[in-house]
Number of protein chains: 2
Amino acid sequence: MRILITGSAGFVGSHLVERFLNEGHTVIGVDNYISGQVSNTDLFRDHPRFTFIEADVSHGIPYTGEKLDWVMHFASPASPPHYQQFPVETLMVGAQGTQNGLELAHAHGAGFFLASTSEVYGDPHVHPQPETYWGNVNPIGVRSCYDEAKRYAEAITMAYHRSRGVNTRIIRIFNTYGPRMRPDDGRVITNFVHQALRGEPLTVYGDGSQTRSFQYIDDLVEGISRLMMVKYHEPVNLGNPDEFTMIELASKTMNLVESKIDLVNLDLPADDPKQRRPDIGLAWKIIKWRPLKGIDSGLNRVFDEQKIKS
Amino acid sequence: MRILITGSAGFVGSHLVERFLNEGHTVIGVDNYISGQVSNTDLFRDHPRFTFIEADVSHGIPYTGEKLDWVMHFASPASPPHYQQFPVETLMVGAQGTQNGLELAHAHGAGFFLASTSEVYGDPHVHPQPETYWGNVNPIGVRSCYDEAKRYAEAITMAYHRSRGVNTRIIRIFNTYGPRMRPDDGRVITNFVHQALRGEPLTVYGDGSQTRSFQYIDDLVEGISRLMMVKYHEPVNLGNPDEFTMIELASKTMNLVESKIDLVNLDLPADDPKQRRPDIGLAWKIIKWRPLKGIDSGLNRVFDEQKIKS
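As the structure is a prediction and not an experimental result, all values here were calculated from the model. (Residues numbered from 1 in each chain as written. Chains lettered and ligands numbered in written order. Predicted model: local features only at pLDDT ≥ 70, side-chain atom pairs only at ≥ 80, totals over all residues. Heavy atoms only, no water.)

K.L.:
Mind showing me how you'd approach the pattern of salt bridges here?
P.N.:
It is possible for side chains bearing opposite charge to pair when their charged atoms get close. All names here are of chain A. With the rule as written, the count across this model stands at 35 salt bridges over all chains. Here Arg19 and Glu222 are joined by a salt bridge, their closest N and O atoms 3.0 Å apart. In this pair, Arg19 sits in helix H1 (residues 11-22) while Glu222 sits in helix H7 (residues 217-228), placing the two residues 203 residues apart along the sequence. The network of salt bridges with shared partners includes Arg19, Glu23, Glu222 and Arg226. (Salt bridge = Lys/Arg side-chain N within 4 Å of Asp/Glu carboxyl O. Helix = DSSP H or I, 4+ residues; strand = E, 2+ residues; numbered from the N terminus.)

As C-alpha cells, then:
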C-alpha cells in the first residue's frame, strides 16, 4: 500500500512509518517540525520506500504522487506544554489540517485515519470511559485549543464519512509512551525518566493521587494496524486500562534506578483531569485487541533508550 | 463606528445591521446566502452607510476599506435542518470563518464579537445552564457539525484573545425568534406560526414535554449592544429563562388564531436536547441586561408579520 502520514516526525507517527516500511508498504511522511523531531525523519531518510515532505498540513498537503491507499492524520502538538505554546497552530491542525487530509483522501479514494485523543473526554464524570461517553471538556480553558480541536476533528471526519462517503477511522489515543518521545515532552513518564537519570527529584503535581493509565507504543501501533483492516467508522479507544497514581509511578521509576529519589510537589495545572482510563471493550470486540506490554517492562525499555542516549 | 457583520443577511445579523444603522454607525454586511436571505440585504441596500459584500467568509473576508472598529461573526447555518444539509460548510464557518474574522479584527485593531450558541451545552445535565457549565455534546452525532464548530469557535476566539491580545466577546445565544426568520427555518416557533396560519396541524416532536425558552430578537440585540461596551471576554448567555413545554407553546399558538388545531406527533430527532434554559445571572451582573418581551406579545408580533406577508 501507499500510505501518507502527517506528523511522521512525531512520536507516534515515526513508529507508524517504521511499522509500515517493515511491512513492505510505501510511506510518504509529512511534518513541519513544530513538535516533530528531525531525528525521527533521519531514521528513514535513506529507505527506498520512504519519501519526506516538509510542510504545514494546516495550509495544504503538497502531495502530487501516485494514488494513495491511506491518509493517516497524526500531526498535532500533543503534550500540554507544546500545545499551549502553539494554541492557534494546534487549533488549525485539528480543523484545516484534518480537512486537508480528508480532501486528499477523498480525491484519491483512499482511507482516512484520524488520531484523536482521550482528551475529548476532558475531566470525565464516567470512569472508565467508553466511546459512548460524550466527555466533560471546558471549551474556553487553556487546554481547549487541543481538546476542542480534536473534538472538531472527529466531527468533521464523521461529516466527510456521512456526506461524502470517505472511508474513515477514528481512534482515541490514551496516554502512550515509548522510545523517541521528545525529552521536553513535558508529560509524566518522560519527566520522571529524565529526572531519575539526572538524580533530580521527581515532579509530582498536586498530591499525586490523580491516576493515569499508560500504553506502550507498540501496543498502540498494533491496534492502529488492526483497525485499518475492519470497516468501523466510529471512534475506538486505544489505551491501557492499568491505572496508577502518580505516586505509584514515581515509585516504579525509583525502582529502576535502584535509589531513593525525593519527590517535589507542584500545583495541579488548570483543568488537569483527575483520572482517565479507557474502556477497551469495543477494541476487543471488533479487532480482538488488548495491550500486551505492562508498565514495568515498558518503563524499562524507555529507561534503557535514554541511558544509551545520555 | 465602522462595523463589519458576517451573516448580515441572516435573521440575527439583519437585526444587528438595522440597529447599528439606526444608531448612526457604518455597516459592512457580508453573506454568501447559504442560509441568509437576499430580502434581508435588500432592506438596507440603498442606505448610505451600508455596504454589502457577497462572500463565503470561510474562504476569506474580502474587505479592503477603512479601519474597522468591530468584526461581528454571525455567519452560520443555525437551524438543525440547515446545518445538517450543509455539515462541512457549517464546520468551516465555525473554524476558518471564525479565524478569518479574528485575523481581520487583529489586523484592524478592532474588537471581535462571536455569536456562539446554547448548543455548546448540548443535552445539559445542569439546569438552568450557567456559563461555567462545560456541556454535554456528542462529538460525532448528526448535530456535532454545528455544536462542535461553535465550541471550536469559542476556543479559537479565546486563543486569539490570550495569545494575540484581540479584544473579544463571546455570547451564547439561546433560542431566539422574531420577524425575518426563514419560513423554512425548521424550528418550532416558525413551524407553529406557519402551520397555524395555514390551518394545518402543529407538529410536535416526541410527547411535547421537552421544554425550551424563547427570546425575542430585540432583547438579544440589546444584550449584544450592551456587551460591546464592557470589557468582558468570557462567554455570556443571552436568552430568556421563561420555560415552556412544546405542548404549552402549541396552546399559545392556538390562542392566537382563536381556533382549535390538531397536534401531530413525530419522533424526537437524534440528540435533541430534552430541556434548555439560560442562567442569565452573569448578563445581569455585568451589563444589567434581562429580556423584557414575553412570549405572548412576541408570538403576536411574529404572527402579524406573517399575516401581512401571506
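K.L.:
Help me understand the sheet that holds strand S6 (residues 168-173) of chain B in this model?
P.N.:
Pairing between the strands of a sheet is mediated by backbone hydrogen bonds and can be parallel or antiparallel. Residue and element names in this part refer to chain B. Across the sheet, which stays open at both edges, the seven strands sit in the order S3-S2-S1-S4-S5-S6-S11 with parallel pairing between neighbours. Edge positions in the sheet fall to strand S3 (50-54) and strand S11 (235-238), since each has one partner strand and no second. Strand-to-strand twist in this sheet, taken as the mean axis angle between neighbours without regard to direction, amounts to 20°. Bridge analysis of strand S1 (residues 2-6) against strand S4 (residues 70-73) gives four bridges, and the strand direction is parallel. Each bridged residue has a counterpart across the sheet, and for Ile3 the counterpart in S4 is Trp70. Packed onto the sheet, helix H5 (residues 144-164) meets strand S5 (111-117), S6 and S11 and runs at close to 155° relative to S5. (Pairing = 2+ DSSP bridges. Axes fitted to C-alpha atoms, helices over the stretch in contact; angles between N-to-C directions. Contact = heavy atoms within 4.5 Å.)

K.L.:
Just to check I follow, could you spell out the pairing of S6(B) for this structure?
P.N.:
Put simply, side chains in a regular strand alternate between the two faces of the sheet. Residue and element names in this part refer to chain B. Counting buried positions over the six residues of S6 gives six, a clear majority of the element. Side chains of S6 alternate between two faces, with Thr168, Ile170 and Arg172 and Arg169, Ile171 and Ile173 buried alike. For the handedness criterion, the β-α-β arrangement of S5, H5 and S6 is classed as right-handed. With four bridges joining them, S6 and S11 adopt parallel strand pairing. Along S11, the bridge assignment pairs Ile171 with Val236. (Buried < 20%, exposed > 50% of the residue type's maximum accessible area, 1.4 Å probe, protein only. Right-handed = clockwise from strand over helix to strand, strands pointing away.)

K.L.:
Quick question: what am I supposed to make of the sheet that holds strand S11 (residues 235-238) of chain A here?
P.N.:
Residue and element names in this part refer to chain A. Here we have seven strands laid out as an open sheet, ordered S3-S2-S1-S4-S5-S6-S11, and parallel in their pairing. Strands at the two margins of the open sheet, each flanked by one partner only, are strand S3 (50-54) and S11. Strand-to-strand, the axes of this sheet are offset by a mean angle of 20°, without reference to chain direction. Where strand S1 (residues 2-6) and strand S2 (residues 26-31) come together, five bridges link them in parallel fashion. If you follow Arg2 over to S2, its bridge partner there is Thr26.

K.L.:
So what exactly am I meant to see when it comes to the nonpolar core here?
P.N.:
Side chains that are nonpolar tend, in soluble globular proteins, to be buried together. Residues A:Leu4 and B:Leu4 are the most contacted members of the largest nonpolar core, which totals 72 residues. Of all the elements in the fold, those that place two or more residues in this core are S2, helix H4 (87-108), strand S5 (111-117) and helix H5 (144-164) of chain A together with strand S2 (26-31), helix H4 (87-108), S5 and H5 of chain B. Sequence-distant contacts of A:Leu4, that is, excluding residues within four places in its chain, are made with A:Ile28, A:Val30, A:Ile61, A:Tyr63, A:Leu68, A:Trp70, A:Val71, A:Met72 and A:Leu104. By size, the runner-up hydrophobic cluster in this structure holds 55 residues, among which are B:Phe11, B:Ala115, B:Phe214 and B:Tyr216. (Core = buried A, V, L, I, M, F, W, Y, C linked by side-chain atoms within 4.5 Å.)

K.L.:
Can you walk me through the UniProt feature "domain: NAD-dependent epimerase/dehydratase" (unreviewed entry) in chain A in this structure?
P.N.:
This chain's UniProt record puts "domain: NAD-dependent epimerase/dehydratase" (unreviewed entry) on residues 3-230 of chain A. Taken as a whole, residues 3-230 of chain A contains 39% helix and 19% strand, while its terminal C-alpha atoms sit 17 Å from one another. (UniProt positions renumbered as here; feature names shortened; annotations may be inferred.)

K.L.:
For this particular structure, what's the right way to read the packing of aromatic side chains?
P.N.:
Aromatic rings considered in pairs are described by the distance between their centres and by the relative angle of their planes. Across all of its chains, the model carries 19 aromatic pairs over all chains by this definition. Between B:Tyr121 and B:Phe174 the ring centres are 6.0 Å apart and the planes differ by 35°, which places this aromatic pair in the tilted class. Taken as a pair, B:Tyr121 in the loop between S5 and H5 and B:Phe174 in the loop between S6 and strand S7 (176-177) lie far apart in primary sequence, 53 residues in all. As far as the burial class goes, B:Tyr121 and B:Phe174 line up, both buried. Between B:Tyr177 and B:Phe214 the ring centres are 6.5 Å apart and the planes differ by 85°, which places this aromatic pair in the edge-to-face class. Placement of the pair is B:Tyr177 in strand S7 and B:Phe214 in the loop between strand S9 (211-213) and strand S10 (215-216), with a sequence separation of 37 residues. Side by side, B:Tyr177 and B:Phe214 carry an identical accessibility label, which is buried. A network of ring pairs unites the aromatic residues A:Trp70, A:Phe74 and A:Phe113 as a single cluster. Its end group placed over the ring of A:Tyr160, A:Arg164 keeps NZ or CZ at 5.0 Å from the ring centre. A cation over a ring is seen here: A:Lys293 above A:Tyr216, with NZ or CZ 5.2 Å from the ring centre. (Phe/Tyr/Trp six-rings, centres within 6.5 Å; stacked < 30°, edge-to-face > 60°. Lys NZ or Arg CZ within 6 Å of the ring centre and 35° of its normal.)

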